[in-house]
Amino acid sequence: MNHATDVLIIGGGVVGTSIAYHLRKLGVDVSVLEREEIGSQASSAAAGLLAPLGPLPGPGPLADLLLSSFAMFPSLVPELEEASGIHLEYERPGALRTVRNPKRIANLKKRMKAWEPLGLQMYWLTGEEARQHEPLLGPDVCAAIYAPEESQIRAPQVVKAFAKAASNLGARIYSHSEAINLHREGNKITSVCTIQGETIACNHLILAPGTWAAQYEKWLNISIPVSPLKGQILLLQGPAQPLKHIIFGDATYIAPKGNGILVGATKEEAGFDTQVTEKETSLLYETAIKFVPALRESRRETAWAGLRPRTPDKGPLLGAAPNWKNVTLATGHTMAS
Ligand SMILES: Cc1cc2nc3c(=O)[nH]c(=O)nc-3n(C[C@H](O)[C@H](O)[C@H](O)COP(=O)(O)OP(=O)(O)OC[C@H]3O[C@@H](n4cnc5c(N)ncnc54)[C@H](O)[C@@H]3O)c2cc1C
């Protein structure tokens, strides 16, 4: 596949494929290189929560980015489903951010005050009111913030849909094609070499390699402070009575997914390891049943792990790479979920 392309994207996760889709809509000649299968890393491990409040301390540039992106979903979903033929299972169950310890009520109130200027709908609920909204909540939940607009989607479908829609529009998407070297002329990257020994010439390079971004430091001679933050997720079947909302509590979330319930996610310093461990998934389960005791009736279906591309300030690295004329960075989308 030696060829030339206007824009070359390294990384076939949700970031790389969504950029490819949007560029193709503008008529740009675009190609994507993915080392494994499209969407095989964080983008398919994700829980698919579209719940922007959690990672936000309050207003600021990250809030502007998250909330404007969040606001695009209701129109993006039908467009992408139509363009790809893939159902994204977008739904808006709303989220309850709960506490079980009365000593934590003041802190939850403080968070609500910080979030109020963001403009999302939010309601303060007592424990009793929270249980009226979500009968599966346990008896010791003593307060909650109800955010009815928070939503979710099927994450693996999203990345597949972006890739399919981009490809339907004419983007070239290469899986099992690892980029192993960059060729430069002055402060421009002119081509990328793949592990198969092929060369792709480009006018512009976009780096969207998720948690592996730091490996480009040596090629570009700039700092790209991205490191892996491991997350494990548990999928349960049951209980008989369905959960109606996404529940957050004690750094854990419990989300209804079709006939199952997803419990996530750990935050572990484990390098590039993606093994599922009994210890961490049992801890997730034990925490979840404190909030939703009916999960005792549920059955463990499966569990998986992925690597969030984490930056020191938890914000993404987006924009022109310093000192380079034609390189853009698009990585570091950690999210708190
Ligand atoms: C357990 C877990 C739960 C999460 N839950 C949520 C959630 O509910 N909501 C939310 O918004 N976010 C969530 N996230 C975060 C979300 O997954 C990430 O923000 C997002 O997937 C990042 O996408 P990406 O394309 O940057 O990375 P990735 O999906 O990791 O894609 C990067 C791709 O680049 C490829 N690549 C790397 N190097 C090369 C190379 N040299 N050549 C070719 N290809 C290369 C990799 O193989 C990989 O496929 C979660 C993450 C985890 C781990």
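About the thresholds
Residues numbered from 1 in each chain as written. Predicted model: local features only at pLDDT ≥ 70, side-chain atom pairs only at ≥ 80, totals over all residues. Helix = DSSP H or I, 4+ residues; strand = E, 2+ residues; numbered from the N terminus. Rg over C-alpha atoms; globule rule 2.2 N^0.38 Å. Contact = placed C-beta atoms within 7 Å. Domains from an automatic or database assignment. Nonpolar A, V, L, I, M, F, W, Y, C, P; charged D, E, K, R; others polar. Buried ≥ 20, exposed ≤ 12 C-beta atoms within 10 Å, placed from the backbone. Pairing = 2+ DSSP bridges.

**Q** Quick question: what am I supposed to make of the overall build of the chain here?
**A** When its secondary structure is counted, the chain shows eight helices and 18 strands. Taken over the C-alpha trace, the chain has a radius of gyration of 21 Å; the compact-globule value for 337 residues is 20 Å, and the two agree within 12%. C-alpha extents for the chain along the principal axes are approximately 65 × 40 × 40 Å. Looking at the chain alone, contacts between residues at least 24 apart form 73% of all its contacts between residues at least 6 apart.

**Q** Mind showing me how you'd approach the domain arrangement of the chain here?
**A** By a widespread convention, an interface's size corresponds to the accessible area lost as its parts come together. Assigned domains of the chain: these are domain 1 (3–48 + 154–226 + 312–336) and domain 2 (95–151 + 228–310). Relative to domain 2, the C-alpha centre of domain 1 lies at a distance of 32 Å. In this complex, domain 1 contributes 14 residues to the contact, which on the side of domain 2 involves 16 residues. Here the side of domain 1 that touches domain 2 is built from residues that sort into seven nonpolar, seven polar and no charged.

**Q** Mind showing me how you'd approach the pairing of strand β12 (residues 227–237) here?
**A** Summarising burial for β12: eight of the 11 residues are buried, a large majority. In terms of strand pairing, β12 meets strand β16 (residues 299–310) through 11 bridges, oriented antiparallel. Following the sheet pairing, Leu 236 is matched in β16 by Arg 300. The sheet contact formed by β12 and strand β15 (residues 260–264) spans four bridges and is antiparallel. Among the inter-strand pairings, Gln 237 is bridged to a residue of β15, identified as Gly 260.

**Q** Honestly, the environment of Phe 73 in this entry has me stumped. Any pointers?
**A** Of note, Phe 73 is situated in helix α3 (residues 61–84). Residue Phe 73 is classed as partly exposed on the basis of its 16 C-beta neighbours within 10 Å. When residues no more than four places from it in sequence are discounted, the contact partners of Phe 73 are Leu 50, Tyr 90 and Ser 151.

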